[in-house]
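What follows is each chain in one-letter form.
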Amino acid sequence: MGILADIFIATPVDALEYESLVNDRPALVEQYKPAEYRNLTGLEFGSLWAILANESWDYEKHKLVEIRFGEGGETWLLQFPEDLVKLLAEIPDDELRGITRRWSQTEELVLRGGDDAEKLLLDLRRLATESIRSGEEMYLWGSL
């Protein structure tokens with residue numbers, strides 16, 4: 001089955017409630033409208049952040065903010081930092097394929113198909129834009 005990886009926007013209070021709905025997937029999807037992926041952790045988004053910022057990847061600099069870990073570390077809630085959200089929202093259409101190609105070639109990204117990585121990047125840009133527009137935060141919820 002692999003790692004579940006949901007990316008969504010919410011207020012900080014609502015984000016903390018996300019996991020309470022995981023057993024009622026239809027209600028969760030209706031309320032949060034997550035982009036649903038598999039086998040992604042904060043590490044993949046850190047490597048993307050470095051690419052977007054045109055920097056060498058540094059774990060400490062390019063990591064998502066740890067909000068909560070479930071019992072035994074089998075679930076996690078991470079927040080996308082404001083700087084990363086801004087970079088994601090500003091990805092120009094004409095640079096999308098090049099960024100996708102660079103990101104797909106990193107060791108961190110498990111998605112190897114260009115189409116999958118491009119779809120993910122489009123979802124990230126859409127969510128980041130909505131996050132900025134709404135004033136809500138952008139999160140990654142994951143589960144083993």
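Below is a summary of the structure that appears in this document. (Residues numbered from 1 in each chain as written. Predicted model: local features only at pLDDT ≥ 70, side-chain atom pairs only at ≥ 80, totals over all residues. Heavy atoms only, no water.)

1. Points about the sheet that holds strand E1 (residues 4-10)
Turning to step 1, where the next piece is worked out: What the 5 strands build is an open sheet, ordered E2-E1-E5-E4-E3; its pairing is antiparallel. Strand pairing shows two members of the sheet lacking a second neighbour, strand E2 (35-38) and strand E3 (65-69), which therefore form its edges. Mean inter-strand twist for the sheet, computed between neighbouring axes without regard to direction, equals 25 degrees.
Turning to step 2, where the next piece is worked out: By the bridge criterion, 5 bridges tie strand E4 (residues 75-79) to strand E5 (residues 137-143) in an arrangement that is antiparallel. Residue pairing for E5: Trp 76 is matched across the bridge by Gly 142.
Turning to step 3, where the next piece is worked out: Contacts from helix H2 (residues 25-32) reach E1 and E2, with the element oriented near 40 degrees to E1. (Pairing = 2+ DSSP bridges. Helix = DSSP H or I, 4+ residues; strand = E, 2+ residues; numbered from the N terminus. Axes fitted to C-alpha atoms, helices over the stretch in contact; angles between N-to-C directions. Contact = heavy atoms within 4.5 Å.)

2. Quick look at unusual backbone geometry
Turning to step 1, where the next piece is worked out: Positioned with a positive phi, Asn 39 is a non-glycine residue whose angle comes to about 60 degrees.
Turning to step 2, where the next piece is worked out: Position of Asn 39 relative to the elements: it lies in the loop between E2 and helix H3 (42-53).
Turning to step 3, where the next piece is worked out: Here Asn 39 falls in the partly exposed class, since its relative accessible area comes to 30%.
Turning to step 4, where the next piece is worked out: Phi at Asn 54 takes a positive value of approximately 55 degrees, unusual for a residue other than glycine.
Turning to step 5, where the next piece is worked out: Mapping Asn 54 onto the fold places it in the loop between H3 and E3.
Turning to step 6, where the next piece is worked out: Given a relative accessible area of 65%, Asn 54 falls into the exposed group. (Buried < 20%, exposed > 50% of the residue type's maximum accessible area, 1.4 Å probe, protein only.)

3. Quick notes on the nonpolar core
Turning to step 1, where the next piece is worked out: Formed by 32 residues in total, the largest nonpolar core has its most connected members in Ile 7, Phe 45, Phe 80, Leu 88, Leu 124 and Met 138.
Turning to step 2, where the next piece is worked out: Elements that contribute at least two residues to this core include exactly E1, E2, H3, E4, helix H4 (82-89), helix H5 (96-104), helix H6 (114-134) and E5.
Turning to step 3, where the next piece is worked out: No other element matches the 6 residues that H6 contributes to this core.
Turning to step 4, where the next piece is worked out: Discounting chain neighbours no more than four positions away, the residues touching Phe 45 are Ile 7, Leu 40, Leu 64, Phe 80, Leu 84, Trp 103, Leu 120, Leu 124 and Leu 140.
Turning to step 5, where the next piece is worked out: Among the nonpolar cores identified, the runner-up in size contains 10 residues, and Ala 15, Tyr 18, Tyr 32 and Trp 141 belong to it. (Core = buried A, V, L, I, M, F, W, Y, C linked by side-chain atoms within 4.5 Å.)

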